[in-house]
Amino acid sequence: MTPNFRGRYGTMNSQMTLLVCLTAFLVLLLHRRRRNRNSYYESSSSCSDESEFNASDESEFSTSSEEDEDEEEPSEPLVKKMKLADSSVAEVDAQRKSASGSGTSKTEEEPNTHKTLARTIATSIPKMKYLNQHEAISVDEELFNEYKFSVDQLMELAGLSCAHVINDCYGSPQSTVKRKVLVCCGPGNNGGDGLVAARHLKLMNFDAHVYYPKRTEKDLFINLQHQCESMGITVSKDCPTLEWVEGEFGLIVDALFGFSFKPPVRESFAPIMDVLNKSKVPIVSVDIPSGWHVEEGPQDECNIQPDCLISLTAPKLCAKKLTNAKHYLGGRFVPPKLQDKYAIELPTYEGNNLFVKLS
């Protein structure tokens, strides 16, 4: 009986059994490796005997660096996919050529694309409402009574926005318009807007001269006139002549009549209306071109054609009668609820701007 010695890892018999198993495993592993190597050389020699690929085909799949020598050649499915891709590219090229042959080119398609984009933008802008006379009066009354704005508060905001529009249109260094401005003011709130605008224009380095023929005894208007005169602005009752206006001024601000005006023009304002009708100096009208009907537009006896119209609060119907004139919206103070009530749909004022350019 063989002695059964026990060691650290078990008995002697168990150790011998483990050694035999490891030896057998190593022999099997070497045998499999030798068989794989033989099959590799056999496949290489068979490939060299085949004549399916010519020299150009072999070079198509060969690499130029030694690092790529171990990469596998493309399989047959991969070659088919590559050929299919080449045919797809060829089809696309053929379609492009046929399109160009039919007269359709990229340069011809781009204008149509821009036109479509412009139509999309135009349709996305809400359609702004133009107020009739009754609506304009009602909106003003609600601002005073319902929202508790004071007359001087709204007048200051309106006149300030007018001055900003004028500076935007005619105040740039590139402008050829002389910076001397004749501001024609009427007896009502529109005239008050003009007095405020004259004061702010002075602060913007314009040389303002005010024609203010019919004055009121209300403290608000007395103070506005005093503020202008205190800043060195001449406020005159004398109607300027056409010759003086043509030679002296580069711009006329028309703040004579507002949306409550009803034709015809009173006789006391006939001389200045005659000057405005005949003058070639650009005219900027505040809210309504003086002498126009608030809804129907220009009348036969008063046909002022302003170079620019500044609509206040919201445009009035007569603004649709403008021809070749710049059109701005000023008076950034209309509460959203009031806009909704009258469905005005005012455009959005950008940033801290006091006006919106409409056209």
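Refer to the preceding data block for the structure.
This section reports on the structure supplied with the text. Every value quoted in this text rests on a predicted model; they were computed, and no experiment measured them.

Conventions we followed
Residues numbered from 1 in each chain as written. Predicted model: local features only at pLDDT ≥ 70, side-chain atom pairs only at ≥ 80, totals over all residues. Heavy atoms only, no water. Helix = DSSP H or I, 4+ residues; strand = E, 2+ residues; numbered from the N terminus. Buried < 20%, exposed > 50% of the residue type's maximum accessible area, 1.4 Å probe, protein only. Core = buried A, V, L, I, M, F, W, Y, C linked by side-chain atoms within 4.5 Å. Pairing = 2+ DSSP bridges. Right-handed = clockwise from strand over helix to strand, strands pointing away. Expected span 1.5 Å × (residues − 1). Arc of directions from axis to C-beta. Contact = heavy atoms within 4.5 Å. Axes fitted to C-alpha atoms, helices over the stretch in contact; angles between N-to-C directions. Parallel < 35°, antiparallel > 145°, perpendicular 65-115°, else oblique. Left-handed = near helix turned anticlockwise from the far one by under 90°. Nonpolar A, V, L, I, M, F, W, Y, C, P; charged D, E, K, R; others polar.

**Digging into the environment of E243**
Structurally, E243 can be placed in helix α9 (residues 242-248). Given the relative accessible area of 61%, E243 is considered exposed.

**A closer look at the nonpolar core**
Among the nonpolar cores identified, the biggest contains 45 residues, and I252, L256, I272, M273 and L276 are the most heavily contacted of them. Tallying contributions element by element places helix α10 (residues 270-278) first for this core, with 4 residues. M155, C162, L195 and Y212 belong to the second largest nonpolar core, which has 37 residues in total.

**Focus: the pairing of strand β7 (residues 283-286)**
Of the two faces of β7, both are covered, the one formed by I283 and S285 as well as the one formed by V284 and V286. Pairing geometry for strand β6 (residues 251-255) and β7, over 3 bridges, is parallel. Considered in β7, the bridge of D254 is made with S285. Remark: the β6/α10/β7 crossover connection has right-handed handedness.

**Points about helix α8 (residues 219-230)**
In this model α8 runs 16 Å from its N-terminal to its C-terminal C-alpha over 12 residues, within 8% of the 16 Å that 1.5 Å per residue would give. Along α8, the residues classified as buried are F221, L224, Q225 and C228. An end-on view of α8 places all buried positions within 95° of arc, on one side of the element. Within α8, the exposed residues directed more than 90 degrees away from the buried face are D219, H226 and S230. If you follow the buried residues of α8, they end up packed against α6 (151-170), α7 (189-203) and β5 (234-236). Directly beyond the C-terminal end of α8, a positive phi value near 85° is found at G232.

**Quick notes on the environment of V210**
Looking at the secondary structure, you find V210 in strand β4 (residues 207-211). As a C-alpha pair, V210 and V181 span 29 residues in sequence and 8.4 Å in three-dimensional space. The contact partners of V210, leaving out residues within four places of it in the chain, are V183, C185, L195, A198, I233, T234, V235 and S236.

**Focus on the packing of α6 against α7**
Running from N to C, α6 and α7 cross one another at 55°; their axes reach a closest spacing of 7 Å. The pairing of α6 with α7 is recorded here as oblique in orientation. The chirality of how α6 crosses α7 is right-handed. Contacts from V151, M155, E156, A158, G159, L160, C162, A163 and I166 in α6 reach N189, G192, D193, V196, A197, R199, H200 and L201 in α7. Of the residues belonging to the contact of α6 with α7, the class tally is 10 nonpolar, 4 polar and 3 charged.

**Things to note about unusual backbone geometry**
The residue after P263, namely P264, is reached through a cis peptide bond having omega 5°. Along the chain, the position of P264 falls in the loop between β6 and α10. The backbone of K148 sits at a positive phi, close to 60°, despite the residue not being glycine. Position of K148 among the secondary structure elements: in the loop between α5 (133-145) and α6. Phi is positive for D287, which is not a glycine, with a value near 70°. Topologically, D287 is positioned in the loop between β7 and β8 (308-312).

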